Amino acid sequence: MSSQALSNPTLAVDVTDLTVAYHDRPVLWDIDLQVPTGVLLAIVGPNGAGKTTLVRTILGLIKPAAGQVNVLGAPYAAQRHLIGYVPQRNSVDWDFPTVALDVVLMGRYGHLGWIRRPGRSDRDLAMECLEKVGMAAFADRQISQLSGGQQQRVFLARALIQDAQLYFMDEPFAGVDAATEKAIIALLQELRSRGKTVIVVHHDLQTLKEYFDWTMLLNVRRVAVGPVDEVLTPENLERTYGGRAAFLAEGP
Amino acid sequence: MNLKGIDFDYTLRMPLYGVTIIGIVAGGLGTFALLRKQSLLGDTISHAALPGVVLAFMITGTKTPINLLIGAIIAGWVGTIIIGAIIRNTRIKEDAAMGVILSVFFGFGLILLTLVQKRWPDARQAGLHQFLFGSATNMLEQDVWVMMTLGSITLLTLALFWKEFKLLTFDPDFAKTIGLPIRSLDITLMTLIVIAIAIGLQTVGVVLMSAMLVAPAAAARQWTNRLPVMLLLSSSFGAISGIAGTLTSSQVSKLPTGPTITIFLTIFVLVSLGFAKERGLAWQWLRRRRNRRKIQISTALVTLLHLEDSHPADSQHPHSLQSLQASLYGDIPATMERLITSGFAVETSLQAWRLTSAGQTEARDTLQTMEEDLDDRLVH
């Protein structure tokens, strides 16, 4: 699989020898990850495996102890206008006094630059993005009055308006309702059809094959990366999840 | 000018202009302090400013407010920078770091104050001690101009970087990924808060200045779900409390300004916590009661329907209180009374009821809605 990755002119994500530590405890150890452009990649692994940490390190939110990260062929700082980010839903306080449309508009701030305020065209764009996630009717709703799934969709709309080449989503499926899950899947497929690369921190092995074409098995170290069919072997699962793997591998 | 016996001469007008500026600026910045969950910050900064005030007096030998103000800003700023450094470089959390800086700086300030009062016996008259509880007297026009200038700079900066500060407050991680320099923004916002506090110190006092920052914002949050509205409300509450407090303390001898203003702030907070729409305690209590009643009515309807369906031969059969007590909670006769008022049930004999045909339709509708709700949640 690495030959396939290397044959790609530009890698969406190119991580080499990455180590991240909190205080003295390593949470990611010597990670290599090459993701070609245009794939839907799920990062899976048990709790505490470092999935969120890996994404946050690629995004420059955490300083690695060692290693190199390039996105779309250059360091993150040079490429940030090409990258969209959906953080974990519970990483913010939803009791903030604002409405759904305003949160989506925050995705335009990077394009707007300093001081300039979002204008009419930005608003139209934000409405369009809310429409895509089925939330147009909630544009003026105070964000604390939205359900968890609706909040997740507002975050997705905020990433969409970033109009990125490469998206990172941290547990978008966590604790959402059926309608939101469908909306996310439709969105992922649309992004793929437009040639975008999407990297998703995911929890559910059962839906892996159905939703994603690539996967990374992670548990502090990288266990395997590649097309889902090649990577999802009982041995790899055993190495990622330990004893529970036999049971998990029984999935569809 | 004369209003109801209050003489609006120079010695009252200047303080009133002053507290209005303080109320607007502190109330506005307090909005961000509150939303960033840094309510303790106001207390910390105002206490940390004391050594700066006293040092400024010791160095310049004058009690000119602008000198003391600059001293307060520098000391308050140094305090917040040290807090930031402690949080980043040690395992000490924000609240502990603030507590340490507050007490260390304030203690140091009190020692300096004692020294000053020994060396300059007229320091009491020099107006230093009033920094503790605040005094609105002796404010000069030039002081008002200084406050106005600093306050305007503060609010203008806030307006200029409005969207950046908003994103920094709501989702700092996302702000960082789109390239906002969140460290610099954070320091800028802190500096604005330091200035907002410093310009109020002499009038409101070290001990209560934090109330001026947080109380109007906490009250304003109760009434609105929009950030700009919250800021305007907060500034208004701050200004009104400031004016009311200053007027009151000017009419009663030896009544310090700070505590009097705080009393009016407290009134705003209490009324807002109690009676604001949606977030107020009274409103929430009413809503809970309404929901409870709604649930009691739905379950009563459905229960009566089930009982009737289990007696198909005699669907007009009334159901006694005893048989309903098996599956219903709360004040059953009161619930039944509400059903009767709505025309959904009739009391056929003492404490025995049956559904009307309208009640049966309503009960079936309720049941269907419940089932659809459940379906929505389960469908995959």
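Up top is the structure these notes are about.
Residues numbered from 1 in each chain as written. Chains lettered and ligands numbered in written order. Predicted model: local features only at pLDDT ≥ 70, side-chain atom pairs only at ≥ 80, totals over all residues. Heavy atoms only, no water.

A. Region of the structure containing the overall build of chain B. Helix and strand content of chain B: 17 helices and five strands. For chain B, the spread of C-alpha atoms along the principal axes amounts to about 100 × 60 × 35 Å. Evaluated residue by residue, chain B yields a buried proportion of 47% over its 380 residues. In chain B, the proportion of contacts linking residues at least 24 apart, taken out of those at least 6 apart, comes to 70%. Entry remark: accessible area of chain B is about 18,600 Å², with carbon and sulfur atoms responsible for 64%. Within chain B, the 26 negative side-chain charges are centred at a point lying 11 Å from the centre of the 31 positive side-chain charges. (Helix = DSSP H or I, 4+ residues; strand = E, 2+ residues; numbered from the N terminus. Buried < 20%, exposed > 50% of the residue type's maximum accessible area, 1.4 Å probe, protein only. Contact = heavy atoms within 4.5 Å. Areas by Shrake-Rupley, 256 points an atom, 1.4 Å probe, with all protein chains shown as cover. Lys, Arg positive; Asp, Glu negative; His and termini not counted. Charge placed at Lys NZ, Arg CZ, Asp CG, Glu CD.)

B. Structural view of the overall build of chain A. Scanning chain A from N- to C-terminus turns up twelve helices and nine strands. Taken over C-alpha atoms, the radius of gyration comes to 18 Å for chain A, in line with the 18 Å a tight globule of 252 residues would show. Counting only C-alpha atoms and orienting by the principal axes, one finds that chain A spans roughly 50 × 40 × 40 Å. Of all 252 residues assigned to chain A, the portion counted as buried reaches 54%. Excluding contacts between residues fewer than 6 apart, the proportion of contacts in chain A whose partners are at least 24 apart in sequence is 69%. Carbon and sulfur atoms provide 48% of the accessible area of chain A, an area that totals close to 10,600 Å². (Rg over C-alpha atoms; globule rule 2.2 N^0.38 Å.)

C. Region of interest: the pairing of strand S5 (residues 83-86) of chain A. Residue and element names in this part refer to chain A. Here S5 shows no split at all, with Ile83 and Tyr85 on one side and Gly84 and Val86 on the other all buried. Both S5 and strand S6 (residues 166-170) contribute to a ladder of four bridges, which runs parallel. Counted as the bridge partner of tyrosine 85 is phenylalanine 168 from S6. (Pairing = 2+ DSSP bridges.)

D. The arrangement of helix H1 (residues 10-35) of chain B in detail. In this model, H1 of chain B (26 residues) spans 38 Å end to end at C-alpha, consistent with the 38 Å of a helix rising 1.5 Å per residue. Looking one or two residues past H1 of chain B, lysine 37 of chain B carries a phi angle of roughly 55°, positive in sign. (Expected span 1.5 Å × (residues − 1).)

E. Expanded view of the environment of phenylalanine 212 of chain A. Counting through the fold element by element, phenylalanine 212 of chain A comes out in the loop between helix H9 (208-211) and strand S8 (214-219). Setting aside its immediate chain neighbours within four residues, phenylalanine 212 of chain A contacts Leu40, Leu41, Ala42, Phe173, Leu188, Val200, His202 and Val228 of chain A.

F. How the structure looks around the pattern of salt bridges. For the structure on display, the rule yields twelve salt bridges over all chains. Note that arginine 194 of chain A is salt-bridged to glutamate 190 of chain A, the shortest N-O span being 2.7 Å. Between lysine 163 of chain B and glutamate 164 of chain B there is a salt bridge, with its nearest N and O atoms 2.9 Å apart. Each of Asp95 of chain A together with Arg221 and Arg279 of chain B takes part in one network of salt bridges that share partners. (Salt bridge = Lys/Arg side-chain N within 4 Å of Asp/Glu carboxyl O.)

G. Geometry of the interface of chain A and chain B. The interface is formed by 39 residues belonging to chain A together with 32 residues belonging to chain B. The tally of links from chain A across to chain B stands at six salt bridges. Here arginine 221 of chain B ties to aspartate 95 of chain A by a salt bridge, and the two come within 3.3 Å at their closest N and O atoms. The tally of links between chain A and chain B comes to 14 residue pairs in polar contact (both at pLDDT 80 or more). For the side of chain A that touches chain B, the secondary-structure elements that each account for two or more residues are helix H4 (100-105), helix H5 (109-112), helix H7 (148-160) and helix H8 (178-193) of chain A. (Polar contact = N/O pair within 3.5 Å; in protein donor to acceptor, adjacent residues only side chain to side chain.)

H. Structural detail: a positive patch on the surface. Residues and elements named next belong to chain B. A cluster of like positive charges, contributed by Arg287, Arg288, Arg289, Arg290, Arg292 and Lys294, occupies part of the molecular surface. Among the structural elements, arginine 292 can be located in helix H14 (residues 281-309). Since its relative accessible area comes to 48%, arginine 292 is described here as partly exposed. (Patch = residues over 30% accessible without salt bridge, like charges linked within 9 Å, V, L, I, M, F, W, Y side chains within 5 Å.)

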